[in-house]
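# Observations on the three-dimensional arrangement
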Amino acid sequence: MILVKDRAKLDNIIDEIIQYDRISLDTETTGLYPFHGDRLFSIAVSTGRQDYYFDFNIGGMPKSVLPKMQRLLDNVKYVYFCNAKFDMSMLHVDGLKTIPQVLDAPSMARVENSRHKSGYMSLDYLAKHYLKSGSKDLNVKKYIRDNKIYGKDHTGKLKPLYDRVPTSMIAPYACLDARLTFDIGETIIKLINEKDKRNRASKRNRASKPKGYGSLMDIIKSEARLTKVLFDMKVEGFAIDREYIAKGILHETYKRDNHEEEIKKQLGDAFKPNSPKQVKEFLASKDIIVEDTEAKTLVKIAASHNLDILEHIIGYKQANKKISTYYEGYIKLATTGDIVHCEVNQEACSTGRCSSSSPNLQNLPKEPYHDYAVRNSFITNDDARLYFLDYKSQEMIYMLDQAGELSVIDKVKSGLDFYTATAEVIYELMKVKLDRKQSKAISLGLAYGQGADLLASNLGCTREEALNFKNVYFKGLPKLKQLQDYLIEQVKTYGKIHNPFGRVTYLTAEESYKALNAYVQGSCADIMKRALYLCSEVLRGKKSKIILTVHDEIIFKIYPEDEYLVEYLRDAMISAYRCNYINLEVDIEVSKTSWARKVKLHG
DNA sequence: TGCCATACGTA
DNA sequence: CGTACGTATGGCAC
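Residues numbered from 1 in each chain as written. Chains lettered and ligands numbered in written order. Predicted model: local features only at pLDDT ≥ 70, side-chain atom pairs only at ≥ 80, totals over all residues. Heavy atoms only, no water.

## Overview of the overall build of chain A
Along the backbone of chain A there are 21 helices and 20 strands. The C-alpha radius of gyration of chain A comes to 27 Å, within 12% of the 25 Å expected for a compact globule of 603 residues. For chain A, the spread of C-alpha atoms along the principal axes amounts to about 85 × 70 × 50 Å. When each of the 603 residues of chain A is scored for burial, the buried share is 53%. Counted over contacts in chain A with a minimum sequence separation of 6, partners at least 24 positions apart contribute 66%. In the structure as shown, chain A presents an accessible area of about 28,000 Å², 50% of it carried by carbon and sulfur atoms. Charged side chains of chain A number 91 positive and 80 negative; the gap between the two group centres comes to 3 Å. (Helix = DSSP H or I, 4+ residues; strand = E, 2+ residues; numbered from the N terminus. Rg over C-alpha atoms; globule rule 2.2 N^0.38 Å. Buried < 20%, exposed > 50% of the residue type's maximum accessible area, 1.4 Å probe, protein only. Contact = heavy atoms within 4.5 Å. Areas by Shrake-Rupley, 256 points an atom, 1.4 Å probe, with all protein chains shown as cover. Lys, Arg positive; Asp, Glu negative; His and termini not counted. Charge placed at Lys NZ, Arg CZ, Asp CG, Glu CD.)

## Focus: the pairing of strand β4 (residues 51-55)
The element β4 is extensively covered by neighbouring structure, given that five of its five residues are classed as buried. The alternating pattern of β4 places Asp-51, Tyr-53 and Asp-55 and Tyr-52 and Phe-54 on opposite faces, both of which are buried. In this sheet, β4 lies alongside strand β1 (residues 2-4) in parallel orientation, the contact comprising three bridges. Bridge pairing in β4 links Ile-2 to Tyr-52. In this structure, strand β3 (residues 40-46) lies alongside β4, joined through five bridges in antiparallel fashion. Its bridge partner being in β4, Val-45 is matched across the sheet by Tyr-52. Where β3 folds back on β4, the antiparallel hairpin that results is connected by four residues, among which Gly-48 adopts a positive phi of roughly 95°. (Pairing = 2+ DSSP bridges.)

## Looking at the packing of helix α16 (residues 436-447) against helix α18 (residues 463-476)
For the pair α16 and α18, interaxial distance at closest approach is 11 Å and the crossing angle is 80°. With respect to α18, the axis of α16 lies roughly perpendicular. Contact with α16, carried on its side by Ile-442, Ser-443 and Leu-446, involves Phe-469, Lys-470, Tyr-473 and Phe-474 of α18 and no other residues of that element. A class-by-class count of the residues in the contact of α16 with α18 yields five nonpolar, one polar and one charged. (Axes fitted to C-alpha atoms, helices over the stretch in contact; angles between N-to-C directions. Parallel < 35°, antiparallel > 145°, perpendicular 65-115°, else oblique. Nonpolar A, V, L, I, M, F, W, Y, C, P; charged D, E, K, R; others polar.)

## Describing the sheet that holds strand β19 (residues 586-591)
Spatially, five strands are ordered β17-β18-β14-β19-β20 in an open sheet, and the strand pairing comes out antiparallel. In the strand order of this sheet, the two ends are held by β17 (545-549) and β20 (599-600), each with one partner. Sheet topology note: the strand β14 (residues 385-391)/β19 ladder contains six bridges and is antiparallel. Each bridged residue has a counterpart across the sheet, and for Phe-388 the counterpart in β19 is Glu-589. Relative to the sheet, helix α20 (residues 515-538) contacts β14, β17 and β18 (553-558), its axis offset from that of β18 by approximately 15°. On top of the sheet, helix α21 (residues 565-575) reaches β14, β18 and β19; it is set at about 25° to β14, its chief contact.

## Some remarks on the protein's contact with DNA strand B
Residues in close proximity to DNA strand B total 18 residues, the closest being Thr-293, Glu-294, Leu-364, Lys-366 and Asp-552. Of what DNA strand B places within 4 Å of the protein, 85% of the atoms are sugar or phosphate. Within the contact set of DNA strand B, a base oxygen lies 3.3 Å away from a side-chain nitrogen or oxygen of Lys-321. One nitrogen or oxygen atom from the side chain of Asp-552 is found 2.6 Å from a sugar or linking oxygen belonging to DNA strand B. Take the surface near DNA strand B: its biggest share by element is three residues, from helix α12 (residues 308-333). (Near = heavy atom within 4 Å. Polar contact = N/O pair within 3.5 Å; in protein donor to acceptor, adjacent residues only side chain to side chain.)

These figures capture arrangement, not role.
Below, the structure written as structure tokens:
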């Protein structure tokens with residue numbers, strides 16, 4: 001390990017490191033939250049042969065020397081990170097740009113093996129998985145505990161202050177993390193090259209007639225260029241309307257308190273509406289036995305048994321969820337500038353999708369517009385407009401196109417909405433009229449292997465009728481059945497499926513019914529990841545920005561001078577993937593004010 | 001305090 | 001056997 005705390009030696013050290021193509025980098029920070037006062041105090045770098053600790057803490061180099069580190073970032077080809085967006089944030093607030101190709105170890109791990117558990121992959125987890133070693137430095141933790149070095153974060157919560165740990169203790173720890181990150185990155189690249197080689201050697205495991213045969217390395221490249229796009233989204237963030245949120249909380253609190261009062265009157269002060277156990281016990285006391293206490297179930301029971309109290313329980317839970325999961329979450333995480341910088345997680349989903357957290361902006365209630373719609377919380381805070389570009393029935397169209405199943409696609413090509421087209425095909429097959437909603441339930445449900453019972457309850461028909469629907473649907477769409485059979489066969493034989501882009505999803509034989517979903521959802525995730533990159537290129541150097549992706553949708557903030565680019569953004573999304581028989585279509589919605597107030601752009 | 005099950009919002 | 005997520009809550013084990 002080389003400890004760098006002398007600015008006079010910095011240039012020589014940088015010269016030494018930039019002889020290498022690939023390095024890893026890890027920032028040590030105070031321990032607070034990014035965008036809420038967290039700052040780096042040192043940078044650990046590993047070349048795989050030597051580790052360097054650049055000390056910018058008290059006793060080390062002054063922060064004014066930090067810009068000199070830019071030369072290091074500009075002159076290596078690849079940088080491995082563990083949780084790249086975090087380190088990039090820390091470098092960003094101190095004016096450093098991460099120009100070289102960013103290789104994020106958790107994102108690479110997800111590509112290498114879809115079976116990693118969902119959610120955040122820590123360095124410790126990756127080290128144990130790929131290197132059979134760990135990263136936790138218990139000495140640092142003990143030092144913090146023994147010396148009680150804690151500070152308050154923006155919410156008033158106590159957090160350890162890592163910059164107060166002696167350099168002699170934290171430097172080896174930081175360098176170990178940098179070395180582990182390097183070794184994990186190299187190990188994954190090696191594994192991926194081996195897998196690609198084996199796969200090229202045997203031409204097995206190929207889905208039926210995809211347009212291209214991607215490799216795992218193609219996915220790694222796609223992910224690598226995406227990391228910076230997601231980082232830019234995080235930096236941009238989404239503006240919130242604090243006044244509206246305060247109003248929303250008051251509105252929902254009023255409703256919640258009224259329900260609570262009635263519940264207490266009838267069921268006592270100790271009754272907790274959020275407790276499934278207590279709700280079940282209450283219903284049991286009325287000789288009503290239920291499997292679950294979901295709102296859907298309680299609504300049915302309220303009607304059949306004339307139990308008004310259930311309406312209050314449902315109302316209480318609804319209001320409480322809006323307050324705590326949505327409104328209060330936004331307030332807690334917003335900066336003083338009223339911006340929420342949510343995480344768009346690149347690696348968290350087994351299928352390859354991006355998830356969102358802190359807060360999750362991918363599950364806001366989709367309410368018809370009203371004054372207290374949760375989506376009013378998110379706004380434009382200047383003269384930009386929000387644009388919402390979403391793929392029309394992306395998964396369904398991709399799926400039937402891949403299957404080569406043209407009965408529905410031909411109707412869509414002639415201008416019909418996908419689910420209306422499906423309803424027509426079903427009518428032609430079995431002379432049963434479905435509305436669009438029923439058609440959607442059948443298409444989505446059956447494509448992914450929904451059972452007859454659930455289908456019957458969704459359609460409001462008998463089990464026999466549902467079974468009949470199932471048979472007719474697959475008989476009418478034989479090539480879809482063939483694709484599904486093929487993918488299930490792949491899982492049973494090889495334990496995995498490959499999508500045309502090169503992504504591999506591992507499934508056990510017992511999970512083979514998930515194969516079609518993994519194939520379709522995974523492919524569409526890869527299309528979206530390409531689209532995000534292409535859109536970022538359209539907006540390169542512009543004031544307008546990508547704000548968020550919600551699986552088949554991209555949300556943009558577009559300034560008046562950039563409005564002409566919206567057509568180009570749509571074209572970029574369409575060109576992200578050309579289907580075999582039809583082009584993906586993109587709908588455009590726009591709002592001058594809040595997310596809830598978006599309207600269709602053209603008729 | 002940490003973990004699990006349940007409930008519920010989205011694509 | 002729809003699947004894929006993240007968050008809040010209650011209840012139990014530690």
